[in-house]
Amino acid sequence: MKIRTDFVTNSSSSSFSVVVTIQRKDGKTYSFEESPYDYSPDAGGVCSFDEDLASLLIAIIVNKINKHQYTLQEVDEEGRNDRIENVSVGDQLTLEKKDDYVEVLSKEGSLGTLWNKLIVLAVDSDAIELKANVDSVTPLSKRRKGAKEAFISVKIDAEQKDKGKILTIDNVSELATFLMDAVSDDYYIWNEEDDYEQEIAERKSAFIKEVSKKIASIEDIAKISVDRHYYAIGEEVDLIADNDQKLVKLAKKVISASGDEQEKALEEMLAYIRTPSADRKGFSFGRGYDDFRYYWEGDSDDLIALAERLCSNYGPDECGGTEHNEIDLIRGVVEKYASFGLR
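Just so we're clear, the structure is a prediction, and the values are computed from it rather than from any experiment.

### Points about the overall build of the protein chain
When helices and strands are counted, the protein chain shows 8 helices and 14 strands. Its C-alpha atoms give the protein chain a radius of gyration of 25 Å, more than 25% over the compact-globule value 20 Å for 343 residues. Summarising its shape, the C-alpha atoms of the protein chain cover approximately 75 × 55 × 45 Å along the three principal directions. Taking the intrachain contacts of the protein chain between residues at least 6 apart in sequence as the baseline, contacts between residues at least 24 apart amount to 73%. Total accessible area computed for the protein chain in this model is approximately 18700 Å², and 44% of it derives from carbon and sulfur atoms.

As structure tokens, this is what we get:
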């Protein structure tokens, strides 16, 4: 990994701000923004969205749950090992929500727990029906010597009961509250005993009230999006492009060529820039995004200048990008990508 050594300054910062937007079907939008520069104007900070928008879509939850088998946890507690001795493959099971996890039960009682957010949401939703049965089981008595717990996995079949519903949340006020509860920050690190926490709570409350008043029902919503904007300067710059070995290799090809060969090398470099990749990763930006895009504007001379910088020992003075998450309620699809600006 390339480490920046060329920048010596007291002016450096890194920040993530969050913008939540709800768009009505008539095009009217309602937005809420939280920026770390509101509570840490010099050093920046980190604002986050702590939920997965996709978890709001019933069809997405159903599809994801049906793809996997689930191994039960905590089977060595509360007499569960003994009950598993009497369990067979195919036995039907019951799922019960317990705060932030699900307990799995046979006719005799609890067999274990599942700490899976999607399953918790599905069990708690009136729009999804779940059926669970034993997929694989090895009682403790049949495990190797020294084992302390039985092994049991379950298969869960999820089905959407109400085909007319799209979201797991039924009303606009609950949706707005869900979105605001998911917005968090690192204000506590920079706490200077001001009234920021009260201010942000009031702004969140105002957003919930406005959206609840201006949008009559979930059916009136076209899109819900969350944009997490990244900006850094100085030593805090995330050297994503500089550590992209494929991009640097193409840059070297550009600066070592001339004439027609350089034109071909530029076309190859530009084609790579315009193609999303899951291999691009930043230290703080775009983690977990399979659709990682580069944002680039410029002519051939600008691209040559970029290639020369990528092959030097100098990193960019600043960088930025956006992590975009969106659910389209009209089409019932999710869009998720990270876009990083090249400099």
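### Points about the nonpolar core
The biggest cluster of nonpolar side chains holds 34 residues, and the ones touching the most others in it are Leu56, Leu167, Leu175, Leu179 and Ile224. Elements with a contribution of two residues or more to this core: strand E1 (13–24), strand E2 (29–34), strand E3 (47–49), helix H4 (172–182), helix H5 (196–214) and strand E11 (221–233). Broken down by element, this core gets its largest block of residues, 7 residues, from H4. Excluding residues that lie within four positions of it along the chain, Ile224 makes contacts with Thr21, Leu53, Leu56, Leu167, Leu175, Leu179, Asn325, Glu326, Ile327 and Leu329. Grouped together as the second largest cluster of nonpolar side chains are 30 residues, Leu239, Ala251, Tyr272 and Cys319 included.

### Observations regarding the packing of helix H6 (residues 245–255) against helix H7 (residues 259–273)
Between two packed helices, the angle of one axis relative to the other and the distance separating the axes together describe the packing. It is at 8 Å that the axes of H6 and H7 come closest, and there the two elements cross at 160°. If you check the angle between H6 and H7, you find them roughly antiparallel. In this structure, the crossing between H6 and H7 has a hand that is left-handed. Only Gln262, Ala265, Leu266, Glu268, Met269, Tyr272 and Ile273 of H7 make contact with H6, whose side of the interface consists of Lys246, Leu247, Leu250, Ala251, Lys253, Val254 and Ile255.

### Digging into the sheet that holds strand E7 (residues 109–114)
Read from one edge of the open sheet, 6 strands run E4-E9-E8-E5-E6-E7, paired in antiparallel fashion. Of all strands in the sheet, those with a lone pairing partner are strand E4 (69–71) and E7, marking the two edges. Along the sheet, successive strands turn relative to each other by an average axial angle of 35°, direction set aside. Here 2 bridges tie strand E5 (residues 92–98) to strand E8 (residues 128–138), and the two strands are oriented antiparallel to one another. Directly across from Gln92, in E8, lies its bridge partner Asn133. Along the sheet, helix H1 (residues 58–66) makes contact with E4, E8 and strand E9 (151–160), crossing E9 at roughly 150°.

### Description of the pattern of salt bridges
Note that side chains of opposite charge can pair when their charged atoms are close. The tally for this structure, following the rule as stated, stands at 16 salt bridges. Arg80 is the salt-bridge partner of Glu78, the closest N and O atoms lying 3.4 Å from each other. On the basis of relative accessibility, which here comes to 57%, the residue Glu78 falls in the exposed class. Residue classification places Arg80 among the buried residues on the basis of a relative accessible area of 3%.

### What about the pairing of E9?
Remark: a regular strand shows side chains that alternate across the two faces of the sheet. Summarising the sheet, E4 and E9 pair through 3 bridges and their orientation is antiparallel. Residue pairing in the sheet places Gln69 in a bridge with Lys155 of E9. As paired elements, E8 and E9 share 10 bridges and run antiparallel to each other. Within the sheet, the bridge partner assigned to Thr138 lies in E9 and is Phe151.

### Points about the pairing of strand E13 (residues 318–328)
E13 sits mainly inside the fold: 10 of its 11 residues count as buried. Two elements, E11 and E13, share 11 bridges in a ladder whose sense is antiparallel. Looking at E13, one finds that Ser225 is bridged to Glu326. Pairing between E13 and strand E14 (residues 333–341): 8 bridges, direction antiparallel. Paired with Asn325 across the bridge in E14 is Lys336. The turn joining E13 and E14, which pair antiparallel and follow one another in sequence, is formed by 4 residues; a positive phi near 70° is taken by Gly332.

What counts, and at which threshold
Residues numbered from 1 in each chain as written. Predicted model: local features only at pLDDT ≥ 70, side-chain atom pairs only at ≥ 80, totals over all residues. Heavy atoms only, no water. Helix = DSSP H or I, 4+ residues; strand = E, 2+ residues; numbered from the N terminus. Rg over C-alpha atoms; globule rule 2.2 N^0.38 Å. Contact = heavy atoms within 4.5 Å. Areas by Shrake-Rupley, 256 points an atom, 1.4 Å probe, with all protein chains shown as cover. Core = buried A, V, L, I, M, F, W, Y, C linked by side-chain atoms within 4.5 Å. Buried < 20%, exposed > 50% of the residue type's maximum accessible area, 1.4 Å probe, protein only. Axes fitted to C-alpha atoms, helices over the stretch in contact; angles between N-to-C directions. Parallel < 35°, antiparallel > 145°, perpendicular 65-115°, else oblique. Left-handed = near helix turned anticlockwise from the far one by under 90°. Pairing = 2+ DSSP bridges. Salt bridge = Lys/Arg side-chain N within 4 Å of Asp/Glu carboxyl O.

Keep in mind that these numbers describe shape and distance, not what the molecule does.
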